[in-house]
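Secondary and tertiary structure notes
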Amino acid sequence: MSLFGPSIPKGITKKEALYLRGRLMAGRGAEKLTSLAVERIMELVDMAMDSDTYAERANNVQQVSAEEAARIEKNIADDISTTQQAYVRRIFQEFIDKNKVPGLF
């Protein structure tokens, strides 16, 4: 959150989608996702990419909220292992926790 800037909820923005794909492809060992699984995840992310709240619409931001990310994780749970699920959850959380609006401090 910013002191004097827009108050945008946390989420995965449209600009970050390319970086998200790269991070998902970068798994090692048991965390390694197949390209098919990554494509499926990215399709779900693209479908969830919209402005849900007033703050997002007012600031013209399209993003996947934390709730939508949790739904995506639930939708892909049958297709990937528990280790891969934990990896996807960790990567989603990294992107959701990033401060999108630089503040005064």
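In what follows, the structure referred to is the one given above.
So, a few notes on the structure that sits alongside this text. Starting afresh in each chain, residues are numbered from 1 along the sequence in its written order. Owing to the predicted nature of the model, reporting of local features is limited to residues with pLDDT of at least 70; listing and counting of side-chain atom pairs is limited to 80 or more, with chain, interface and lining totals taken over all residues. To get the side-chain values, all heavy atoms of the structure are used, and hydrogens and water are removed first.

Salt bridge, as used here, is a side-chain nitrogen of Lys or Arg placed within 4 Å of a carboxyl oxygen of Asp or Glu. As enumerated under the stated definition, the model contains four salt bridges in all. The shortest N-O distance in the salt bridge between Glu39 and Arg21 comes to 2.5 Å. A residue pair is termed long-range when its members are at least 10 positions apart, and Glu39 in helix H2 (residues 35–48) and Arg21 in helix H1 (residues 17–25) qualify at 18 residues. When a residue's accessible area, from a 1.4 Å probe over protein chains only, is under 20% of the maximum for its type it is buried; when over 50% it is exposed; and in between it is partly exposed. On the basis of relative accessible area, Glu39 is assigned to the partly exposed category, the value being 38%. Given the relative accessible area of 27%, Arg21 is considered partly exposed. For Glu31, the salt bridge identified is with Arg90, shortest N-O distance 3.2 Å. Taken together, the residues span a long stretch of sequence, with Glu31 in the loop between H1 and H2 and Arg90 in helix H5 (residues 82–97) at a distance of 59 residues. Overall, Glu31 belongs to the partly exposed group, its relative accessible area being 21%. Helix and strand definitions follow DSSP, with helices as H or I runs of at least four residues and strands as E runs of at least two, each counted in order from the N terminus.

Among the buried residues, those of types Ala, Val, Leu, Ile, Met, Phe, Trp, Tyr and Cys that are joined through side-chain atoms within 4.5 Å form a nonpolar core. By size, the foremost hydrophobic cluster in this structure holds 24 residues, and its most contacted members are Leu20, Leu24 and Phe92. Top contributing element to this core by residue count: H2, with seven residues. A contact between two residues is defined here by any heavy atoms of the two lying within 4.5 Å. Excluding residues that lie within four positions of it along the chain, Leu24 makes contacts with Leu33, Val38, Ile41, Met42, Tyr87, Val88 and Ile91.

To obtain an axis, a line is fitted to C-alpha atoms, over the contacting stretch when the element is a helix, and the angle between two such axes runs from 0 to 180 degrees between their N-to-C directions. Running from N to C, H2 and helix H4 (residues 66–76) cross one another at 145 degrees; their axes reach a closest spacing of 10 Å. Every pair of crossing elements has a handedness; the one defined by H2 and H4 is right-handed. Where H2 abuts H4, its residues Arg40, Ile41, Leu44, Val45 and Ala48 lie against Glu68, Ile72, Asn75 and Ile76. For a crossing to be left-handed, the near helix must be turned anticlockwise from the far one by less than a right angle; the clockwise case is right-handed.

Here H4 has its buried residues at Glu68, Ala69, Ile72, Glu73 and Ile76. Projection of H4 onto a plane perpendicular to its axis shows the buried side chains occupying an angular sector of 145 degrees, all on one side. Turned more than 90 degrees from where H4 packs its buried face, Glu67, Arg71 and Lys74 sit exposed. The elements touched by buried residues of H4 are H2, strand S2 (63–65) and H5. Each C-beta atom gives one direction from the helix axis, and the arc is the one those directions make.

Along the chain, Ile12 turns up in strand S1 (residues 11–13). A relative accessible area of 0% means that Ile12 is categorised as buried. Each C-alpha atom, one on Ile12 and one on Gln62, is 8.5 Å from the other, the two residues being 50 residues apart in sequence. Apart from the residues within four sequence positions on either side, Ile12 is in contact with Leu20, Met49, Gln62, Gln63, Val64, Phe92, Phe95 and Ile96.

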